[in-house]
Structure formats: structure tokens, C-alpha cells
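Topology and contacts: notes
Below are the chains, spelled out letter by letter.
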Number of protein chains: 2
Amino acid sequence: MSDTKKDLAIVLASGGLDSAVCLAEATLQYDVALLHVNYGQRTEARELHAFHTLADHYEIKQRLVVDISYLKEIGGSSLVDESMAVETGLPQDGAVVPSTYVPFRNAHILCVGVSWGEVIGARGLFIGAVEEDGSGYPDCRQDFYDKFSAAADAGTKPDTKVLIHTPLIRMNKKSIVLRGVELDAPLHLTWSCYTQSEKACGVCESCLLRLRGFEAAGVVDPIPYD
Amino acid sequence: MSDTKKDLAIVLASGGLDSAVCLAEATLQYDVALLHVNYGQRTEARELHAFHTLADHYEIKQRLVVDISYLKEIGGSSLVDESMAVETGLPQDGAVVPSTYVPFRNAHILCVGVSWGEVIGARGLFIGAVEEDGSGYPDCRQDFYDKFSAAADAGTKPDTKVLIHTPLIRMNKKSIVLRGVELDAPLHLTWSCYTQSEKACGVCESCLLRLRGFEAAGVVDPIPYD
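So, here is what we can say about the structure in this document. Worth saying up front: this structure is predicted, and the values here are computed from it rather than measured.

**A look at the packing of helix α6 (residues 173–182) of chain A against helix α7 (residues 205–217) of chain A**
Residues and elements named next belong to chain A.
- Packing of α6 against α7 brings their axes to within 7 Å, and their N-to-C directions diverge by 65°. It follows from the interaxial angle that α6 and α7 lie roughly perpendicular. Between α6 and α7 the crossing geometry is right-handed. For the pair formed by α6 and α7, the contact residues are K173, K174, V177 and L178 on the first element and L209, G213, F214, A216 and A217 on the second.

Here it is in C-alpha cells:
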């Protein structure tokens, strides 16, 4: 083994802005295996396309796409239940958890990463969750990741150490955009819109958070909007 | 709402001995919704049959069967990878984790239970995991359940409280059989064998643990063996 051999880490990549910047961070220190999880969301085909173009950009060979669309069957979220409306507008401070929250979704995604990591010998698992400037989802809080990390350590083999990294958790969208530009992350390949796949809608909460971030950073968002 | 209205709990039921006794315990205090998870295991069709006959026995209407057979794609276990041999014989004290361990599997199953529980308003989630007299799987330890429970509380909405119950965790197979008999659990409807679906093989570790338990309890195992 050469001295320059890096440890392996798994990066969870939805294909959005945050996961692209998270991926760029991970590549600084790790060899990366890329994981995408399809949970029956409305714009899955577009997200998957973004995932593969991001993986191509970083020349990542180890890719896994996993279907957890049983979450659609469980329901309880406008992101997977088309009979519920996706809220428009930005999340309000202190407001209830938005309808787009998919119950405990990120725990399912982390589980896939930990299982895969245990099999392929990964030492890290990166997720681009954002707490401060996010949508108020309970499974985007650092406290949740700390506790899940402890559970993952207790529930896997003694020599398995899949440490969970949340490099964006305390950042706001402005700093995420700026960090992405600094790391030369291919932001033009990302997709964030919750409802559209050709041109981003520009009005769902995900689009608005993204647009606000680019604007605050003084950077032009390179993807097309309606 | 009548005074006798019970809280709702989800019981995870593989269809085996342990989950049947766990289900019998849960029905003492809760209205039950029954959850079965298919993860690409060899004897899934037989397990699913056992699940439904158990649910029929307890007249449980709310049932959910979820497919997480992506675990088969991740591999790393003889229970889902048919190119690996299923060990025979009883687990040895201090031995390495057996090949039948499915990496972090129980965490995936708990996630499904917590998500469903958050949507249907369950206050409990029962799993028939056994630590002391089990197979040495890391995701069968009480420490793991305690830590996962904390993660579930942190990663769900403030008013969601899906408490994880592991009533069998400190029991050995003998006491599980005796408790099952005491609670009149329908042990004849259960299935534990890892490899066969018509008659149990009697030699895989799951069969041996089960048979040893019945023998120690002085109870005749009502299912057919080869």
C-alpha cells in the first residue's frame, strides 16, 4: 500500500447543491464511494441524473443507488404523497415542521450508508445536512447525527468505524455557495427543485433557499429557472 | 374516546419464535400494528406466511410489509448472499460475528418502524431481539437499542415518541419458550429456519438455538423438522 493511499468514505449525494459541496469537501481527504437514495420523491429521475453527472465529474467508480421508496407507502410527507401540496415560500422561524419533511428519512439513508460502509470498509460517511439555514427538519440536527453515530458504532462489528461527517451542518446557504465556488464544485450539475425537472420552479422552499444563498453570495445560479 | 382505549404500538414480526412471544407481550398493553420487513433473506416467503398467520391469530388489521431487499445488493452476509455458506452449529462464546449477520440490519428495520410510527401515532415499537442467548450480532445488544432510541427521539418531530421496547433482550431461549406458553402465543405458527421452508432443517444456528430452547423448557417444538 502506498503512503498516499487515502481512506475510503461514502458520500450521500441527492444531487442537490448541498450534497455537491459536501462531496467536494470529502474528496479533499478521502477516496469516495457515492451513494444515492431514491425514496419515491417527485423529482427522482432528475436527481439521479445529477448524481451520475456529479460522480462522472469526480471520476467516482464505486456508486450505489438504493430504492427506499417504501417511504412512499408509509407516507406522511408532501414530498412523496402527491395528494399533499408542497408548501411554497421560505420556512418560518419557529414554525411547525414543513409538510415536505419525510418522517425520519435521513435515518434510513444513514443506515444504508453504514451497512454499505461496513461491507466495503469505509471509515467515513458524509451527509450534506444543514441545520441552521435549513427547513427545520428534525433529522437535520447535529444532535440527531451525534446520537445516530453512537448507535451506528454500537450496532456494527467492533472493527467497523463508519464515522458520520456533517461538514455543512452549521453553514448557511451563502457560505455553502461560496465554499462550493472555492472548491470548484460543479454547481451547474446540481438540482434542488422539489417539483420540476426541466427548469427549476423557483418557488418551492428548496428553490427559494437555494436562490437566496446564491444571491447573498453574489454568485449567479447556473441552473435554468422557469 | 373510551377509558379502555389503549395506546398503539408497532411490533416488528419476522414470523419467528422470538417475534411471536414479543407480539404476545405487546398485546398485553397496547393495540398493535404489525410490521414485517423483507430484506432478501432466503426463506422470506415462509416468513411472510408466518407473519400473516400470526397477525390473523391476534386479529391485527394494521399490517405493513416493507421491502428492504437492497440489503441483498449491499451483501456481506450469508443470509442474503447465496454464494456464502450459512454456518451450521451453535454460535461459540467469544467467536467472531457469524456470517449470517446482515450488516446493521436491525437499524434499517427500526427506521421503518419509527417512520411508520411517526405517521400513525404509535407510542411504542417492539422488537424481539435477544442479546444474552443470541447469535452475537452487534445490532442485538441493548446498548445499540438505547442509543438508537435516543437517535429516534432526536430525529423525529417534538411530539413523536416512538419508544423502543426489547422485552426479550435479557432472556434465554428457554425462558422465551416458557413465556410464550404462559402467554398462549401461537408457537405452532412461527418459523425460524434460515435455510428451509417446508420442514425446518434442524441444523442451522437458528434451528439449533430454537430446539435447544424448547428442549430446556421441556416443551415439544410444534413445527415440523427434517
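**Observations concerning the sheet that holds strand β4 (residues 124–126) of chain B**
Residue and element names in this part refer to chain B.
- Ordered in space as β3-β2-β1-β4-β5, the 5 strands form an open sheet in which the pairing is parallel. Both edges of this open sheet fall to β3 (63–67) and β5 (163–165), since each of them pairs with a single strand only. Ignoring strand direction, the axes of neighbouring strands in this sheet form an average angle of 25°.
- Pairing geometry for β4 and β5, over 3 bridges, is parallel. Along β5, the bridge assignment pairs F126 with H165.
- Of the strands in this sheet, β2 (31–38) and β3 are in contact with helix α2 (residues 44–57), which crosses β2 at around 175°.

**Here we look at the packing of aromatic side chains**
- In the structure shown here, the tally under the stated rule is 13 aromatic pairs over all chains.
- Plain terms: the ring middles of Y101(A) and Y137(A) are 6.0 Å apart, the flat faces sit at 40° to each other, and that makes the pair tilted. One end of the pair, Y101(A), is in the loop between α3 (70–74) and α4 (105–120); the other, Y137(A), is in the loop between β4 (124–126) and α5 (142–154), and 36 residues separate them in sequence. Here Y101(A) matches Y137(A) in class, with each residue buried.
- By the ring-pair criterion, three or more aromatic residues cluster together here, those being F104(A), F144(A), Y145(A), F148(A), F104(B), F144(B), Y145(B) and F148(B).

**With respect to the side chain of S19(A)**
All names here are of chain A.
- Tracing the backbone through its elements, the reader meets S19 in helix α1 (residues 17–29).
- Judged by its relative accessible area of 6%, S19 is buried.
- Sequence-distant contacts of S19, that is, excluding residues within four places in its chain, are made with L12, A13 and S14.

**Some details on the pattern of salt bridges**
- The full count for this structure, using the stated rule, is 16 salt bridges over all chains.
- A salt bridge links D153(B) to K161(B), with the shortest nitrogen-to-oxygen separation between them at 3.0 Å.
- Look at K161(B) and you get partly exposed, because its relative accessible area is 39%.
- In this structure, a network of salt bridges that share partners links the residues E25(A), R179(A) and E182(A).

**Considering unusual backbone geometry**
Residue and element names in this part refer to chain B.
- In this structure, F104 takes a positive phi of about 60° despite not being glycine.
- As for its placement among the helices and strands, F104 is situated in the loop between α3 (70–74) and α4 (105–120).
- Classification of F104 as buried rests on a relative accessible area of 0%.
- At D184, a residue that is not glycine, the phi angle is positive and equals roughly 60°.
- Examined against the element boundaries, D184 turns out to sit in the loop between α6 (173–182) and α7 (205–217).

**Here we look at the relation of the copies chain A and chain B**
- Once turned by 180° and shifted 0.0 Å along the axis, chain A lies on chain B with an RMSD of 0.0 Å. Classification of the inter-copy transformation places it as that of a two-fold axis.

**Describing the nonpolar core**
- Counting 101 residues, the largest nonpolar core has I68(A), F148(A), I68(B) and F148(B) as the members making the most contacts within it.
- Not counting chain neighbours up to four residues away, the residues in contact with F148(A) comprise A107(A), L110(A), C111(A), V114(A), I164(A), F104(B), F148(B) and A151(B).

**Re the side chain of N106(A)**
Residue and element names in this part refer to chain A.
- Among the structural elements, N106 can be located in helix α4.
- Under the relative-accessibility criterion, N106 is labelled buried at 3%.
- For N106, the side chain forms a polar contact with the side chain of R105, separated by 3.0 Å.

**Some thoughts on the packing of α4(B) against helix α5 (residues 142–154) of chain B**
Residue and element names in this part refer to chain B.
- Running from amino to carboxyl end, α4 crosses α5 at an angle of 35°, the nearest separation of the two axes being 11 Å. Helix-helix and strand crossings are classified by hand; for α4 and α5 the assignment is right-handed. Taken together, the residues of α5 that come into contact with α4 (itself represented by N106, A107, L110, C111 and V114) are F144, Y145, F148 and A152.
- Taken together, the residues of the contact of α4 with α5 sort by class into 8 nonpolar, 1 polar and no charged.

**With respect to the interface of chain A and chain B**
- Facing the 38 residues of chain A at the interface are 38 residues of chain B.
- Buried surface at the junction of chain A and chain B, both sides included, amounts to about 3000 Å², of which 73% is carbon and sulfur.
- Applying the counting rule to chain A against chain B returns 0 salt bridges.
- Applying the counting criterion to the chain A and chain B interface returns 12 residue pairs in polar contact (both at pLDDT 80 or more).
- Contributions of two or more residues to the side of chain A that touches chain B are made by β3 (63–67), α3, α4 and α5 of chain A.
- Counting residues per element, the side of chain A that touches chain B draws most heavily on α4(A), which supplies 9 residues.
- Here the residues of the side of chain A that touches chain B are counted per class, giving 24 nonpolar, 6 polar and 8 charged.

Calculation notes
- Residues numbered from 1 in each chain as written.
- Chains lettered and ligands numbered in written order.
- Predicted model: local features only at pLDDT ≥ 70, side-chain atom pairs only at ≥ 80, totals over all residues.
- Heavy atoms only, no water.
- Axes fitted to C-alpha atoms, helices over the stretch in contact; angles between N-to-C directions.
- Helix = DSSP H or I, 4+ residues; strand = E, 2+ residues; numbered from the N terminus.
- Parallel < 35°, antiparallel > 145°, perpendicular 65-115°, else oblique.
- Left-handed = near helix turned anticlockwise from the far one by under 90°.
- Contact = heavy atoms within 4.5 Å.
- Pairing = 2+ DSSP bridges.
- Phe/Tyr/Trp six-rings, centres within 6.5 Å; stacked < 30°, edge-to-face > 60°.
- Buried < 20%, exposed > 50% of the residue type's maximum accessible area, 1.4 Å probe, protein only.
- Salt bridge = Lys/Arg side-chain N within 4 Å of Asp/Glu carboxyl O.
- Least-squares fit on C-alpha atoms with pLDDT ≥ 70 in both.
- Core = buried A, V, L, I, M, F, W, Y, C linked by side-chain atoms within 4.5 Å.
- Polar contact = N/O pair within 3.5 Å; in protein donor to acceptor, adjacent residues only side chain to side chain.
- Nonpolar A, V, L, I, M, F, W, Y, C, P; charged D, E, K, R; others polar.
- Buried area = accessible area lost by both parts, 1.4 Å probe.

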